[in-house]
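Chains, contacts and geometry: an overview
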Amino acid sequence: MHVRTLTGALTAALVVSLSLTGGQAVAASAGTADVSAAARVLTYDASGSAEFRSAVDRGAAIWNESVDAVELRPVATGQRANIRVLADNGWPRALPTTLGNGTVYIGRQAVDQGYNTIRISAHELGHILGLPDRKPGPCSSLMSGSTAGTACTNPYPNAAEKSEVEGNFGGLRAGRAPAARTGVIVD
């Protein structure tokens, strides 16, 4: 969310500068947001993620730290979530329905084999954000998934992955919709 903060600070500085130099400036109220810079908020329900709840929350936080065009938030009580996160005994997988919506399974099979739970969570959330698997791949690529091996604990998207998510959701603000990826993505 660093770009939105920087944009707000620059806007405030411009208003003050124009006021001091005699230019005409119109101040916006503090509650007014720049619609073009607003992130699309997606909610997730991790109530069914059992022992992986903190890993899911951390995976969401990593995406929030990494991109500006979308923000993942826990769903409010009584609301319907865009993303359901469940724990099961299978292999981790994502079932996107449309961009930003679907179900993630944090499979115990991969965890039992030694894969990092936070990396799994961030990777599977990446699928919901529109990213495909990039196999085989190095540990520096979050979407390389299991091909990076159990020693890989990197839960952060690389620059290309961040850019793709920004494009997926930034394009929505610009009025263009990216192609939806649906189906089961098994990692």
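All values derive from a computational prediction rather than experimental measurement.

With that settled, consider empty space enclosed by the protein. Counted by the stated rule, this structure contains one cavity of 30 Å³ or more. Volume-wise, the largest cavity comes out at about 140 Å³. Lining the largest cavity are 14 residues; nearest its centre among them are Tyr115, Arg119, Ile120, Gly145 and Ser146. Examining the composition of the lining of the largest cavity, we find that four residues originate from one element, helix H4 (residues 117-128), more than from any other.

Now for the state of the cysteines. Joining two cysteines, a disulfide is a covalent bond between their sulfur atoms. Applying the stated criterion to the full structure yields one disulfide. One disulfide in the model links Cys139 with Cys152; its S-S distance is 2.0 Å. The sign of the S-S torsion, about 80 degrees, decides the handedness of the disulfide formed by Cys139 and Cys152: right-handed. With Cys139 in the loop between H4 and helix H5 (159-173) and Cys152 in the loop between H4 and H5, the pair connects residues that are 13 residues apart, well separated along the chain. Relative accessible area serves as the criterion here: at 30%, Cys139 is assigned to the partly exposed category. Its relative accessible area of 4% is what places Cys152 among the buried residues.

Let us now look at the environment of Val75. Mapping Val75 onto the fold places it in the loop between strand S2 (70-74) and strand S3 (83-88). Residues Val75 and Leu42, spaced 33 residues apart in sequence, show a C-alpha to C-alpha distance of 8.5 Å. Not counting residues within four places of it along the chain, the set of residues in contact with Val75 comprises Thr43, Tyr44, Asp45, Arg80 and Ala81.

Our next topic: the nonpolar core. A general trend in soluble globular proteins is that nonpolar side chains are found buried together. Counting 31 residues, the largest nonpolar core has Trp63, Leu72, Ile83, Val104, Leu129, Val165 and Phe169 as the members making the most contacts within it. Among the secondary structure elements, those contributing two or more residues to this core are strand S1 (40-48), helix H2 (53-66), S2, S3, strand S5 (101-107), H4 and H5. Here this core takes four residues from H4, the largest share from any one element. With residues up to four places along the chain from it excluded, the contact list for Phe169 reads Arg40, Leu42, Ala69, Val70, Leu99, Gly100 and Leu129.

Thresholds, definitions, all that
Residues numbered from 1 in each chain as written. Predicted model: local features only at pLDDT ≥ 70, side-chain atom pairs only at ≥ 80, totals over all residues. Heavy atoms only, no water. 1 Å grid on protein atoms, 1.4 Å probe; cavity = no way out; pocket = protein on both sides within 12 Å on 5 of 7 lines; lining within 4 Å. Points joined across faces, edges and corners; volume = space filled by probe spheres on them. Helix = DSSP H or I, 4+ residues; strand = E, 2+ residues; numbered from the N terminus. Disulfide = S-S within 2.5 Å. Buried < 20%, exposed > 50% of the residue type's maximum accessible area, 1.4 Å probe, protein only. Contact = heavy atoms within 4.5 Å. Core = buried A, V, L, I, M, F, W, Y, C linked by side-chain atoms within 4.5 Å.

Interpretation note: all reported values are geometric properties and have no functional meaning in isolation.
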